[in-house]
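Fold and geometry: a report
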Amino acid sequence: MDSRTFRDAMGRFATGVTVVTTQVDDETHGMTANAFMSVSLDPKLVTISIDHSAKMYNQIKQSQQFAVSILSDEQMDVSMHFAGQKDNPAAVEFDFVSGIPVIRDALTAVVCNVIEFYEVGDHTLFIGEVLEIKLTDGNPLAFFGGKYGSYQLYKW
Ligand code: FAD
């Protein structure tokens, strides 16, 4: 099986879109990510999967903290900026939760301390213990088959 087939297959799993942020020496770094999931309720744990070629990998290894901001359907430009797809610094505004930068107006911001990390293939899974959460109302940005979209609720 080639990598394209694997990517196409995984791309059929519809996800939300997040921006992972961290801070090293007072400098903020952000990166778009959809490999995010909730892991445990007690204790409250989440995980993100970061490519070893991403700058974010070394940033989180240094800071041992990260935040995950779940984007709304009005923040596609934010996702594209932090994925390096389309430069739009004007779309970037940070708030601070427990001293960690998060994306302003995101649906949810989850701030974590890294408690474990697992190098798996060409990515590392960082397990974060949740320190704080900020919630905002809105609708999610979706990602499916390599394209952005919006989520639609069925009425029944
Ligand atoms: P860079 O490529 O240097 O940074 C990314 C962009 O963010 C650059 O444009 C940079 O200018 C900007 N930026 C960073 N910090 C700031 C700041 N403080 N202020 C303003 N702009 C800033 N990769 C993964 O490893 N895991 C995933 O789960 C994952 N999911 C993805 C999901 C989607 C929908 C997409 C589109 C991409 C995903 N990627 C994922 C790929 C990842 O987003 C890109 O490879 C990204 O460019 C890697 O970022 P980097 O840390 O190497 O930093």
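Shown above is the structure to which this text applies.
Each value, and the rule that gives it
Residues numbered from 1 in each chain as written. Predicted model: local features only at pLDDT ≥ 70, side-chain atom pairs only at ≥ 80, totals over all residues. Heavy atoms only, no water. Pairing = 2+ DSSP bridges. Helix = DSSP H or I, 4+ residues; strand = E, 2+ residues; numbered from the N terminus. Axes fitted to C-alpha atoms, helices over the stretch in contact; angles between N-to-C directions. Contact = heavy atoms within 4.5 Å. Near = heavy atom within 4 Å. Polar contact = N/O pair within 3.5 Å; in protein donor to acceptor, adjacent residues only side chain to side chain. Areas by Shrake-Rupley, 256 points an atom, 1.4 Å probe, with all protein chains shown as cover. Core = buried A, V, L, I, M, F, W, Y, C linked by side-chain atoms within 4.5 Å. Buried < 20%, exposed > 50% of the residue type's maximum accessible area, 1.4 Å probe, protein only. 1 Å grid on protein atoms, 1.4 Å probe; cavity = no way out; pocket = protein on both sides within 12 Å on 5 of 7 lines; lining within 4 Å. Points joined across faces, edges and corners; volume = space filled by probe spheres on them. Nonpolar A, V, L, I, M, F, W, Y, C, P; charged D, E, K, R; others polar.

Here we take up the sheet that holds strand E10 (residues 123-135). A sheet is described by the order of its strands in space; here seven strands give the open sequence E3-E2-E6-E9-E10-E5-E4, paired in antiparallel fashion. The open sheet has two free edges, formed respectively by strand E3 (27-33) and strand E4 (36-40), since each of these has just one partner strand. Shown here is a sheet whose adjacent strand axes are inclined to one another by a mean of 35°, direction ignored. Here helix H2 (residues 55-63) sits on the sheet and contacts strand E2 (18-24), E3, strand E5 (45-51), strand E6 (65-70), strand E9 (108-120) and E10; the angle it forms with E2, its principal contact strand, is near 50°.

Attention shifts here to the site of the ligand. The immediate surroundings of the ligand are formed by 23 residues, with His29, Thr32, Asp51, Lys55 and His81 found nearest. At 2.9 Å, a backbone N or O of Met56 approaches an oxygen atom of the ligand. Burial of the ligand by the surrounding chains reaches 74%, relative to a free accessible area of 990 Å². Secondary-structure elements contributing two or more residues to the shell around the ligand are E3, E5, H2 and helix H3 (76-82). Of all the elements, E3 adds the most residues to the shell around the ligand, at six residues.

Okay, the nonpolar core next. By size, the foremost hydrophobic cluster in this structure holds 16 residues, and its most contacted members are Val20, Ile48, Ile50, Met56, Ile60, Phe66 and Phe126. At the level of elements, E3, E5, H2, E6 and E9 are the ones that each hand at least two residues to this core. Of all hydrophobic cores here, the second largest spans nine residues; its members include Val19, Val78, Phe82 and Ile103.

What the largest pocket holds in volume is close to 1,400 Å³. Around the largest pocket, the lining comprises 34 residues; the ones closest to its centre are Met10, Asn34, Ala35, His123 and Phe143. Among the elements of the structure, helix H1 (3-10), strand E1 (15-16), E3, E4, E5 and H3 are those that each provide at least two residues to the lining of the largest pocket. Within the lining of the largest pocket, the residues separate by chemical class into 17 nonpolar, twelve polar and five charged. Considered as a void within the structure, the second largest pocket measures approximately 220 Å³ in volume. Around the second largest pocket, the lining comprises 15 residues; the ones closest to its centre are Ser72, Glu74, Gln75, Arg104 and Asp105. In the lining of the second largest pocket, the residues fall into four nonpolar, four polar and seven charged.

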